[in-house]
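# Structural characterization, general
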Amino acid sequence: MKAGVVALLSVFFVGSVVQAQSLQETITFCEECHGTGGVSSESDIPTIVGLSDIAISDILLAYQDDSRAAISSTFRFGDTTRPETNMNDITKKLSEAEIEALAQHYSAGTFVPASQPFDAAKAAIGAKIHKVQCAKCHEEGGTSRDDDVGILAGQWSPYLRTALTNFRNDSRDTEPKMLKLVKKLSEDEIEALINYWASQQ
């Protein structure tokens with residue numbers, strides 16, 4: 001093999017290794033809040049593994065352009081003495097290629113529903129509300145990833161409660177149709193939905 005070809009292959013190999021190391025560092029950083037493998041053990045932080053690549057990249061891009069407001073949080077693992085940070089600031093440091101790589105990485109895994117308490121009576125009411133109000137976009141009881149809008153069933157209830165509250169007080173942007181629908185729901189209906197999603201473990 002000619003020396004020039006060998007040199008070119010060496011550069012390509014080294015570049016690939018550096019890229020892989022960089023991605024792994026970013027994944028490690030993500031999991032210092034979102035948990036090992038993207039499975040959150042913290043009820044205010046969502047599990048991210050198993051969502052579709054489109055859903056993940058859309059979420060990250062929305063944080064990046066500030067159309068989705070983020071809540072500041074402490075690191076839950078690793079060096080927990082670091083200052084609080086938020087997803088708006090974090091995503092601004094990511095390139096388009098890094099966002100795509102993260103989306104591909106976490107979408108390749110399987111979503112793990114959170115084991116959490118729920119009220120069975122409220123869950124039964126929530127199932128009916130979901131079927132009428134939510135199923136058009138959040139298919140299969142909110143378990144489907146193929147609709148590319150995230151997974152609701154089995155996601156942490158405190159996280160979902162905060163998200164819905166932020167929709168209602170206009171501190172988090174979303175599709176106009178969804179925003180209109182969420183604002184029409186009563187507090188009791190929202191609690192019923194949250195309990196329904198929590199019941200799917």
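For the structure given in this document, a descriptive report is provided here. Not measured: the values here are computed from a predicted model. (Residues numbered from 1 in each chain as written. Predicted model: local features only at pLDDT ≥ 70, side-chain atom pairs only at ≥ 80, totals over all residues. Heavy atoms only, no water.)

The next point concerns the nonpolar core. Core analysis: the biggest nonpolar cluster contains 18 residues, and Leu-164, Leu-193 and Trp-197 have the highest contact counts within it. If you list the elements that add at least two residues to this core, you get helix 5 (120-134), helix 6 (157-168), helix 7 (176-184) and helix 8 (187-199). At 6 residues, helix 8 tops the list of elements feeding residues into this core. Once you skip the residues sitting within four places of it in the chain, Leu-164 turns out to touch Val-182, Ile-190, Ile-194 and Trp-197. Counting 15 residues, the second largest nonpolar core, distinct from the first, contains Cys-30, Val-49, Leu-51 and Ile-151. (Core = buried A, V, L, I, M, F, W, Y, C linked by side-chain atoms within 4.5 Å. Buried < 20%, exposed > 50% of the residue type's maximum accessible area, 1.4 Å probe, protein only. Helix = DSSP H or I, 4+ residues; strand = E, 2+ residues; numbered from the N terminus. Contact = heavy atoms within 4.5 Å.)

Moving on, we come to the packing of aromatic side chains. Under the definition given, this model contains 1 aromatic pair. When the ring of Phe-29 is compared with that of Phe-75, the centres are 5.5 Å apart and the planes differ by 70°; the resulting orientation is edge-to-face. Pair noted here: Phe-29 is in helix 1 (residues 3-34) and Phe-75 is in the loop between helix 2 (53-64) and helix 3 (87-91), with a separation of 46 residues, a long-range link. For Phe-75, a relative accessible area of 7% corresponds to the buried category. Taking NZ or CZ as reference, Arg-82 lies 3.7 Å from the ring centre of Phe-75, over its face. (Phe/Tyr/Trp six-rings, centres within 6.5 Å; stacked < 30°, edge-to-face > 60°. Lys NZ or Arg CZ within 6 Å of the ring centre and 35° of its normal.)

What follows concerns the state of the cysteines. Under the criterion given, the structure shown has 0 disulfides. No disulfide involves Cys-137; its sulfur sits 8.9 Å from the nearest other cysteine sulfur, which is in Cys-134. Exposure remark for Cys-137: the relative accessible area of 47% places this residue in the partly exposed category. (Disulfide = S-S within 2.5 Å.)

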